[in-house]
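# Descriptive analysis of the structure
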Amino acid sequence: MNQKRLSTGIRGFDEVLHGGFVPGRAYLVRGGPGSGKTTLGLHFLTVGVANDEPSMYITFGEPAEQIKNNGAAIGLNTEAMHFLDLSPSAEFFTQMETYDIFSPAEVEREPTTQKLIESVDAIKPQRVFLDAITQFRYMSTDAFQFRKQVLSFMRFLLEAGATVIFTSEASRSAPDEDLQFMSDGVIHLYNSSKGRTLQVTKFRGSDFRSGFHAVRLTDKGMQLFPHLQPENYKREYSNETVASGVPELDQLLHGGLERGTVTILTGPTGVGKTTIGLQFMKEAAGRGERSVIYTFEETEETLVARSEGVNIPVHAMIKFGTLSVVPVDPLQLSADEFASLVREEVEEGKARIVMIDSVAGYQLAMRGENLITNLHALCKYLQNMGVTVIVVNEMEHITGEFRATDVGISYIADNIIFLRYLEIKGEMRKAIGVLKKRLSDFEKTLRELELTRYGIKVGKPLSKLRKILSGTPEWADNYDGEE
């Protein structure tokens, strides 16, 4: 029979641990100064307090009063926790001369142990956070004595019915590999120039989500954003066609885009990629479906104004709840944080169409991570959830030799719709065509595209135009370019 897990109290962390901590075990949290070890422990104890579970904080370093104040500052209920403050007091310095006769280990060990035993017996805690257990190393005469003391103390706490989280202060001169072997689970907290991450490398008695997961420390405490593993998610959906509402565009696509597919809209700047994507969302809104567009390069106000100019009522769609426009600052979000935003819209907001605008902005959020791997995982998750995905890809060159994308993401797409500029009789015009469609046939010709104040206008097939993809289009012999 599966044991009921203990919640970590941290958004996303329970998911990484497949439900939370296994009760009655001891877990090591490793990390440098400022990595969030104390915050993690306070979250763990706060959940215990909320569940009427006696929760105990044992501190060897930071004074209890300071910990309480720091916890209260991020909205955690520290007043109901039991604190055992074993941090050095001011009197410790003034009484240093007593250590001339006895070693520090001999002086400190006995009263410290007695305080621990008395407090645990009195409180009978179900959750214990100990910061930091490496203090025992300085109260032991050698490595063997330290290991024996830690093991016996952990057994004492576990036999008393507690689930224990303890931290270490590892250094090159005093590594903590021995503590990793002794613990039932090992959690690493990292803080680097690329951001904060958490990694679980050991978790006895259970599977867990491996890899590095993004962490953010805020004025509300710690948030964790699990690295997306799309195979963990699945939703049943019908393989229906999503039409655009523009008859000629739907003819080009032989009906529209299929539900649960990924479409790349590719082309140079200003050619109408975002507008085409919004047209599918406009038609979905008419069916009462909800869509989300994540815009990395454009403000909501600009998008609304521009869309209204081509008869796509984005403002009304937002008002009636059929569209969310989410401006994203890629320099402020990691790939895992962005994936969590998308998951929330899909799983809680019931979004049926998601548009990412654009690949270049999304790539900035990678912070050096692999663009293709992360985008593939996100798109695969959305497909598994039956969401129609539209990815806007901007090509650097307005004219020249044709390429679907500049970053090698074509394989991700079920559909590729490309837009190009054409120069016809000295006038700059636009064309739209389909390069790839996995689930159905499609029209092999190109059509002229116009964005007007009445909406999107797609013309008849440009069957007389040659060499469009070569970058030097020309009309067939004896044809003047007039339809």
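The following refers to the structure shown.

Procedures and definitions
- Every chain's residues receive numbers from 1 upward, in the order its sequence appears when written.
- Residues qualify for local features only when their pLDDT is at least 70, as the model is predicted, and side-chain atom pairs are given and counted only at 80 or more; totals for whole chains, interfaces and linings, by contrast, use all residues.
- Derived side-chain values reflect all non-hydrogen atoms in the structure, with water molecules and hydrogen atoms excluded from consideration.
- Strand pairing follows a simple DSSP-based rule, namely that at least 2 bridges must link the two strands.
- Secondary structure elements follow DSSP: runs of H or I of four or more residues count as helices, runs of E of two or more count as strands, with numbering from the N terminus.
- Axis angles are defined between N-to-C directions and span 0 to 180 degrees, where every axis is a line fitted to C-alpha atoms and, for a helix, only to the segment in contact.
- By definition in these notes, contact holds between two residues if any of their heavy atoms fall within 4.5 Å.
- Stacked, tilted and edge-to-face pairs are distinguished by plane angle, under 30 degrees for stacked and over 60 for edge-to-face with tilted covering the rest, among Phe, Tyr and Trp rings (Trp via its six-membered ring) whose centres lie within 6.5 Å.
- Here the term buried applies to any residue with accessible area under 20% of the maximum for its type, exposed to any over 50%, and partly exposed to those in between, with areas from a 1.4 Å probe on protein chains only.
- To sit over a ring, a charge needs its Lys NZ or Arg CZ within 6 Å of the ring centre and within 35 degrees of the ring normal.
- Of the two site types, the cavity is a set of points on a 1 Å grid over the protein atoms alone where a 1.4 Å probe fits but cannot get out, and the pocket is an open set with protein on both sides within 12 Å along at least five of seven lines, each lined by residues with an atom within 4 Å of a point.
- Grid points are joined across faces, edges and corners, and a volume is the space filled by probe spheres set on the points.
- When residue character is reported, Ala, Val, Leu, Ile, Met, Phe, Trp, Tyr, Cys and Pro are called nonpolar, Asp, Glu, Lys and Arg charged, and the others, Gly included, polar.
- When a carboxyl oxygen of Asp or Glu lies within 4 Å of a side-chain nitrogen of Lys or Arg, that pair is called a salt bridge.
- Comment: arc refers to directions from the helix axis out to C-beta atoms.

Another point: the sheet that holds strand β1 (residues 26-31). Judged by pairing direction, the sheet is mixed, and its 9 strands sit side by side in the order β3-β2-β4-β5-β1-β6-β7-β8-β9 without closing on themselves. A strand with exactly one partner marks an edge of an open sheet, and here the two such strands are β3 (82-85) and β9 (221-225). On average, each strand axis in the sheet is inclined to that of its neighbour by 20°, with strand direction left out of account. Looking at chain direction, strand β2 (residues 55-59) and β3 are connected through 4 bridges and run parallel. From the neighbouring strand, Tyr-57 faces β3, where its bridge partner is Phe-83. Lying on the sheet, helix α2 (residues 37-50) is in contact with β1, β2, β4 (127-131), β5 (163-167), β6 (185-192), β7 (195-203), β8 (212-218) and β9; it crosses β4 at an angle near 160°. Lying on the sheet, helix α7 (residues 143-159) is in contact with β1, β2, β4 and β5; it crosses β5 at an angle near 145°.

Here we come to the packing of aromatic side chains. This model, assessed by the stated rule, comprises 14 aromatic pairs. Both rings, one in Phe-296 and one in Tyr-362, keep their centres 6.3 Å apart while their planes meet at 85°; by these two values the pair is edge-to-face. Placement of the pair is Phe-296 in the loop between β13 (290-295) and α11 (300-308) and Tyr-362 in helix α14 (residues 359-364), with a sequence separation of 66 residues. The exposure classification of Phe-296 matches that of Tyr-362, with both residues buried. Feature note: the residues Phe-13, Phe-21, Tyr-27, Phe-44, Phe-203 and Phe-208 constitute an aromatic cluster, connected by ring pairs. Its guanidinium or amino end placed over the ring of Phe-442, Lys-444 lies 4.4 Å from that ring's centre, counting from NZ or CZ.

What follows is about the layout of surface pockets. Reported here for the second largest pocket is a volume of approximately 400 Å³. Along its surface, the second largest pocket is lined by 19 residues, and Lys-194, Arg-196, Thr-197, Phe-212 and Glu-369 are the ones closest to its centre. Broken down by secondary-structure element, the contributors of at least two residues to the lining of the second largest pocket are β6, β7, β8 and α13 (335-347). No other element matches β8, which puts 5 residues into the lining of the second largest pocket. Residues of the lining of the second largest pocket, tallied by class, amount to 5 nonpolar, 7 polar and 7 charged.

In this section: the pattern of salt bridges. Following the criterion strictly, the structure yields 19 salt bridges and no others. As a salt-bridge pair, Arg-209 and Glu-15 come within 3.2 Å of each other at their nearest N and O atoms. Of the two residues, Arg-209 is situated in the loop between β7 and β8 and Glu-15 in helix α1 (residues 13-16); the sequence distance between them amounts to 194 residues. Judged by relative accessible area, Arg-209 falls into the buried class, the value being 5%. With relative accessibility at 26%, the residue Glu-15 sits in the partly exposed group. Connected through salt bridges with shared partners, the residues Glu-15, Arg-209, Arg-343 and Glu-347 form a single ionic network.

In this fold, Ser-210 is placed in the loop between β7 and β8. Sequence spacing of Ser-210 and Leu-17 is 193 residues, and the spatial spacing of their C-alpha atoms is 9.3 Å.

Listed in full, the buried residues belonging to helix α3 (residues 64-73) are Ala-64, Ile-67, Lys-68 and Gly-71. Projected onto a plane normal to the axis of α3, the buried residues spread over an arc of 100° and lie on a single side. In the stretch just after α3, Gly-75 is the one whose phi turns positive, near 80°.

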